[in-house]
Amino acid sequence: MIEIKNLQKNFGQHEILKNISLSIPAHQVVAVIGPSGSGKSTFLRCINGLETITGGTITVDGHVIDANASKKAQQKEIYAIRRKTGMVFQQFNLYPHKTAVQNVMEALLVVKKMPKEKAYSIAANLLEKVGLAAKEDAYPSQLSGGQQQRVAIARALAMEPKLMLFDEPTSALDPELVGEVLKVMKELAEDGMTMIIVTHEMKFARSAADRILFMADGVIVEDAKPAAFFEHPQTARAQKFLQQVTEF
Amino acid sequence: MDLVIENLPFLLKGAYYTLLITVVSMFFGLIIGLIIAIARLKGNRILRGIARAYVSIIRGTPALVQIVIVYYGLVDYGIELGPLTAAYIALSINIGAYVSEAFRGAIQSIPKGQTEAALATGMTERQAMRRIIIPQAIRYAIPPLGNTFVGMLKETSLVSVIAVTELMRSAQLLVAQYYVYMPFYAAIAAMYWIMSTFFTFLLNKIEKRLSVY
Ligand SMILES: Nc1ncnc2c1ncn2[C@@H]1O[C@H](COP(=O)(O)OP(=O)(O)O)[C@@H](O)[C@H]1O
Ligand SMILES: [Mg+2]
């Protein structure tokens, strides 16, 4: 499903992602963990083309972003990938001038050019799926953080993605609202969605993911099954990180 | 006072032209301003340069000079515009520069995450701009645009120099006819004030209405 070869990403002089190669089969749930500033968000954003890549190739469902291809050719591939990929952001990024259901409908109307009634019925179904059927007409400002993030997930699902990217989806939430978002994500995982989740929720990573990528300084330092990673981290970096996050 | 009342229909006709010029110039100014703002933010180097030069020149020269250039200056090149047309053109171009600054500020104030969220769902840059960014930016731009509009209402008095009989020139003509100043000038001051206040009130209402979310 995803094939990454020698991915390199620089911001100016700084090499943020260093020669990353990996492949992710369909239906796999991958949790990406690691210290802040290690390049997790950048890694995710390269996959759907929110960042241009400096070197290497990224293949998603047959569409290839090649750092050596022309800008135009890359852009074309990026659009193709985005149509198959949903993304959920730490800060939700809901459209504040649109209601919950309008947020979910928007891409269906604009990108898929779907008639309004059809888009509405899809959006309403998705809101129901994330437990927000009653909040269709609420504006984001009228929703709690957990509700906003669930709308954001519904918005991403509306395009029927084959791949979902989550960038710390619960980091901006009050602790008591984290559970409702993780629950929706778990259901998605159980439905067989291919997911890459950057998260600091270790318990969730352990229980919901099939695979852990531990990133530090722009490198994937460990790539293991959750049980193996959490019980026997191989590197000093990972051991130290796990100690820090589980300390208190 | 009697003189003013006697000539009120004439003054009201002037006020009508003042309003007409304001509204027409604002309308075209909004279109010009939006295009210029987008050119400055999203255009290539040439477009950005042109847009920046336009804003700089317009904001750095008096509106009065712009008006006489459009009306008298263009005659040298065989372009003879009617006074009202010249007023529309000069003031639309003038207001466009201020509008573009209001839009540019508003567009820049929309968080980057909004565009990214839209792109991530498969929208093109242009679709994200049109559907997500501009609708939000317009709301942010309404207070500065309101100020621009009310400012324009007063600025229209400048076109009296090219013989457009708006409110200012209506008073000047009456003064020339009756040889008294104060009643007429006081009357138009009051009329300008009433119009400005009315629009300020209206804009506050619109602003409130739009801030539902
Ligand atoms: N747009 C940017 N311009 C310059 N540097 C950036 C940019 N985005 C991220 N970085 C840098 O890249 C590094 C990795 O950032 P990020 O991918 O956000 O890490 P993480 O998500 O793991 O916390 C950081 O050092 C950050 O400062
Ligand atoms: Mg991050």
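Residues numbered from 1 in each chain as written. Chains lettered and ligands numbered in written order. Predicted model: local features only at pLDDT ≥ 70, side-chain atom pairs only at ≥ 80, totals over all residues. Heavy atoms only, no water.

1. A short note on the overall build of chain A
For chain A, the count of helices and strands is nine helices and 10 strands. Over its C-alpha atoms chain A spans a radius of gyration of 18 Å, differing by no more than 12% from the 18 Å that the globule rule assigns to 248 residues. For chain A, the spread of C-alpha atoms along the principal axes amounts to about 55 × 50 × 30 Å. A burial count over chain A gives 54% of its 248 residues as buried. For chain A, the accessible surface area stands at approximately 11,000 Å², while carbon and sulfur atoms represent 49% of it. Computed over 29 positive and 27 negative side-chain charges, the separation of the two mean positions in chain A equals 6 Å. (Helix = DSSP H or I, 4+ residues; strand = E, 2+ residues; numbered from the N terminus. Rg over C-alpha atoms; globule rule 2.2 N^0.38 Å. Buried < 20%, exposed > 50% of the residue type's maximum accessible area, 1.4 Å probe, protein only. Areas by Shrake-Rupley, 256 points an atom, 1.4 Å probe, with all protein chains shown as cover. Lys, Arg positive; Asp, Glu negative; His and termini not counted. Charge placed at Lys NZ, Arg CZ, Asp CG, Glu CD.)

2. Some remarks on the nonpolar core
One finds A:Phe43, A:Ile153, A:Met164 and A:Met195 to be the most contacted residues of the largest nonpolar core, which totals 143 residues. Top element by residues in this core is helix H7 (residues 125-155) of chain B. It accounts for 12 residues. With sequence-adjacent residues up to four places away left out, A:Ile153 is seen in contact with A:Val88, A:Met164, A:Phe166, A:Val181, A:Val184, A:Met185 and A:Leu188. Counting residues in each nonpolar core, the second largest holds seven residues, with B:Ile36, B:Ala39, B:Tyr54 and B:Val55 among its members. (Core = buried A, V, L, I, M, F, W, Y, C linked by side-chain atoms within 4.5 Å. Contact = heavy atoms within 4.5 Å.)

3. So, the packing of aromatic side chains
Per the counting criterion, the structure on display carries 10 aromatic pairs over all chains. Measuring from ring centre to ring centre gives 5.2 Å for A:Phe229 and A:Phe230, while their planes differ by 80 degrees; the resulting arrangement is edge-to-face. For A:Phe229, a relative accessible area of 1% corresponds to the buried category. Look at A:Phe230 and you get buried, because its relative accessible area is 16%. Ring centres of B:Tyr71 and B:Tyr72 lie 4.7 Å apart, and the angle between their planes is 70 degrees; on these two criteria the pair is classed as edge-to-face. Residue B:Tyr71 is classed as buried on the basis of its relative accessible area, which comes to 17%. Of the residues examined, B:Tyr72 reaches a relative accessible area of 45% and is grouped as partly exposed. These aromatic residues form a ring-pair network of at least three members: A:Phe214, A:Phe229, A:Phe230 and A:Phe241. Against the face of A:Phe11 rests A:Lys9, its NZ or CZ located 4.7 Å from the ring centre. Positioned above the aromatic ring of A:Tyr95, the side-chain terminus of A:Arg155 is 4.6 Å from the ring centre. (Phe/Tyr/Trp six-rings, centres within 6.5 Å; stacked < 30°, edge-to-face > 60°. Lys NZ or Arg CZ within 6 Å of the ring centre and 35° of its normal.)

4. Focus: the interface of chain B and chain A
Contact residues are listed per partner, giving 19 residues for chain B and 24 residues for chain A. Run the count over chain B and chain A and you get two salt bridges. Measuring nitrogen to oxygen at the nearest pair gives 2.6 Å for the salt bridge that ties B:Arg131 to A:Glu106. Taken together, chain B and chain A are joined by six residue pairs in polar contact (both at pLDDT 80 or more). Looking at which element gives the most residues to the side of chain B that touches chain A, the answer is helix H6 (residues 112-120) of chain B, with eight residues. (Salt bridge = Lys/Arg side-chain N within 4 Å of Asp/Glu carboxyl O. Polar contact = N/O pair within 3.5 Å; in protein donor to acceptor, adjacent residues only side chain to side chain.)

5. What about the UniProt feature "domain: ABC transmembrane type-1" (unreviewed entry) in chain B?
UniProt tags residues 15-203 of chain B as "domain: ABC transmembrane type-1" (unreviewed entry). Secondary structure across residues 15-203 of chain B comprises 80% helix and 0% strand; the distance between its end C-alpha atoms is 20 Å. (UniProt positions renumbered as here; feature names shortened; annotations may be inferred.)

6. Side note on a nonpolar patch on the surface
Residue and element names in this part refer to chain B. Residues Phe-27, Phe-28, Ile-31 and Ile-35 make up a contiguous nonpolar surface patch of roughly 400 Å² in combined accessible area. Following the sequence through the fold, Ile-31 ends up in helix H2 (residues 8-42). Judged by relative accessible area, Ile-31 falls into the partly exposed class, the value being 41%. (Patch = residues over 30% accessible without salt bridge, like charges linked within 9 Å, V, L, I, M, F, W, Y side chains within 5 Å.)

7. Quick notes on the site of ligand 1
Residue and element names in this part refer to chain A. Around ligand 1 sit Phe-11, Ile-16, Pro-35, Ser-36, Gly-37, Ser-38, Gly-39, Lys-40, Ser-41 and Thr-42, and those are all the residues in its vicinity. In the model, an oxygen atom of ligand 1 is placed 3.0 Å from a nitrogen or oxygen of the Gly-39 main chain. Within the side chain of Thr-42, one N or O atom sits 2.5 Å away from an oxygen atom of ligand 1. Of all the elements, helix H1 (residues 40-47) adds the most residues to the shell around ligand 1, at three residues. The class makeup of the residues in the shell around ligand 1 is three nonpolar, six polar and one charged. (Near = heavy atom within 4 Å. Nonpolar A, V, L, I, M, F, W, Y, C, P; charged D, E, K, R; others polar.)

8. Quick word on the sheet that holds strand E3 (residues 29-33) of chain A
Residues and elements named next belong to chain A. Taking strand neighbours across the sheet as the criterion, the six strands line up as E6-E7-E8-E3-E9-E10 in an open arrangement whose pairing is mixed. Each end of this open sheet is capped by a strand with a single partner; those strands are strand E6 (85-88) and strand E10 (219-224). Direction aside, neighbouring strands of the sheet carry axes that sit 15 degrees apart on average. Strand direction decides the pairing type here: E6 and strand E7 (residues 163-167), joined by four bridges, are parallel. Across the sheet, Met-87 pairs through a bridge with Leu-165, a residue of E7. (Pairing = 2+ DSSP bridges. Axes fitted to C-alpha atoms, helices over the stretch in contact; angles between N-to-C directions.)

9. A few points about the UniProt feature "transmembrane region" (unreviewed entry) in chain B
Feature annotation in UniProt assigns "transmembrane region" (unreviewed entry) to the following positions: residues 15-41, 53-74 and 178-203 of chain B. In residues 15-41 of chain B, the share of helix is 100% and the share of strand is 0%. The end C-alpha atoms are 38 Å apart.

10. Thoughts on the side chain of A:Thr194
Residue and element names in this part refer to chain A. With respect to the helices and strands, Thr-194 occurs in strand E8 (residues 194-198). Its relative accessible area of 2% is what places Thr-194 among the buried residues. In this structure the side chain of Thr-194 is engaged in a polar contact, spanning 3.4 Å, whose partner is the backbone oxygen of Lys-162. Other than its neighbours up to four places away in sequence, Thr-194 contacts Met-1, Ile-24, Pro-25, Ala-26, His-27, Gln-28, Lys-162, Leu-163 and Met-164.

11. Things to note about the pairing of strand E5 (residues 63-66) of chain A
All names here are of chain A. Along E5, the buried face is formed by His-63 and Ile-65; none of Val-64 and Asp-66, which line the opposite face, is buried. Taken together, the four bridges between strand E4 (residues 55-60) and E5 define a ladder with antiparallel strand orientation. Residue pairing in the sheet places Thr-57 in a bridge with Asp-66 of E5. The hairpin turn running from E4 into E5, its antiparallel successor, is two residues long, and Asp-61 in that turn takes a positive phi close to 50 degrees.

12. Some points on helix H5 (residues 145-157) of chain A
Between its first and last C-alpha, H5(A) extends 18 Å over 13 residues, near the 18 Å set by a 1.5 Å rise per residue. Buried residues dominate H5(A), accounting for 13 of its 13 residues. (Expected span 1.5 Å × (residues − 1).)

13. Concerning unusual backbone geometry
A positive phi angle is found at A:His27, which is not glycine, with a value near 70 degrees. Although it is not a glycine, B:Ala163 adopts a positive phi angle of roughly 65 degrees. Among the structural elements, B:Ala163 can be located in the loop between H7 and helix H8 (167-178).

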